[in-house]
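Architecture and fold: a report
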Amino acid sequence: PPQPVPTWPCPQVPSPGGCGLDAALAEELLQLLGPEGSGPPGATPTGSPPGRAGPTEEEEEEEAAQRKQRGGSRTLNGQQAGQQRVQELTEQNEQLRAEIRRLSAEVQRARAALIARIVGGHRQ
């Protein structure tokens, strides 16, 4: 059984019922909520206006096709961006390999020169 709703006094907004809502506003909210807070009377769970149960099967199929097309183009753009990134990384990798080869050759030359100096110093 419903129990009475307590009202608390609210010093900022003096009203005869405490901090309760204006009676007209409360009534309007109750009408909008409908029985058991399920929405306006006659409304469907999807929020469609009364008299229309929702989109037709044809409309749903069209919307699904549009979503698929949008998703497909996003996937294509993502694939293209991914391929471009792979290409950039491949080029960068080749540049780094070339730099490693150059530095390795430089190290080998410096090492050979150092060994030659050390061995040459011992012979004197």
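Residues numbered from 1 in each chain as written. Predicted model: local features only at pLDDT ≥ 70, side-chain atom pairs only at ≥ 80, totals over all residues. Heavy atoms only, no water.

Per an unreviewed UniProt entry, the protein carries the name DDIT3 protein and comes from Grallaria varia. The record in UniProt for the protein states the following under Subcellular location (unreviewed entry): "Cytoplasm". (UniProt positions renumbered as here; feature names shortened; annotations may be inferred.)

What the protein contains, in helices and strands, is two helices and zero strands. A burial count over the protein gives 5% of its 124 residues as buried. Total accessible area on the protein is roughly 11300 Å²; 58% of this is exposed by carbon and sulfur atoms. (Helix = DSSP H or I, 4+ residues; strand = E, 2+ residues; numbered from the N terminus. Buried < 20%, exposed > 50% of the residue type's maximum accessible area, 1.4 Å probe, protein only. Areas by Shrake-Rupley, 256 points an atom, 1.4 Å probe, with all protein chains shown as cover.)

Okay, a nonpolar patch on the surface next. A cluster of nonpolar side chains, namely Leu 25, Leu 29 and Leu 32, defines an oily patch on the protein surface of about 250 Å² accessible area. Turning to its location among the elements, Leu 25 is positioned in helix α1 (residues 23-33). When its relative accessible area of 40% is taken as the criterion, Leu 25 is described as partly exposed. (Patch = residues over 30% accessible without salt bridge, like charges linked within 9 Å, V, L, I, M, F, W, Y side chains within 5 Å. Salt bridge = Lys/Arg side-chain N within 4 Å of Asp/Glu carboxyl O.)

The tally for this structure, following the rule as stated, stands at three salt bridges. Taking the shortest distance from any N to any O, the salt bridge between Arg 85 and Glu 88 comes out at 3.7 Å. Of the two residues, Arg 85 and Glu 88 are both situated in helix α2 (residues 57-123); the distance of three residues between them amounts to about one turn of the helix. In this structure Glu 88 comes out as partly exposed when scored by relative accessible area, which is 38%. Across the pair Arg 102 and Glu 99 runs a salt bridge whose closest N-O atoms are separated by 2.8 Å. Here Arg 102 and its partner Glu 99 are both found in helix α2, three residues apart, which amounts to about one turn of the helix. A cluster of three or more residues bridged by salt bridges with shared partners is formed by Glu 99, Arg 102 and Glu 106.

Before going further, it helps to examine a negative patch on the surface. There is a patch of like negative charges on the surface, built from Glu 57, Glu 58, Glu 60, Glu 61 and Glu 62. Looking at the secondary structure, you find Glu 60 in helix α2. (Lys, Arg positive; Asp, Glu negative; His and termini not counted. Charge placed at Lys NZ, Arg CZ, Asp CG, Glu CD.)

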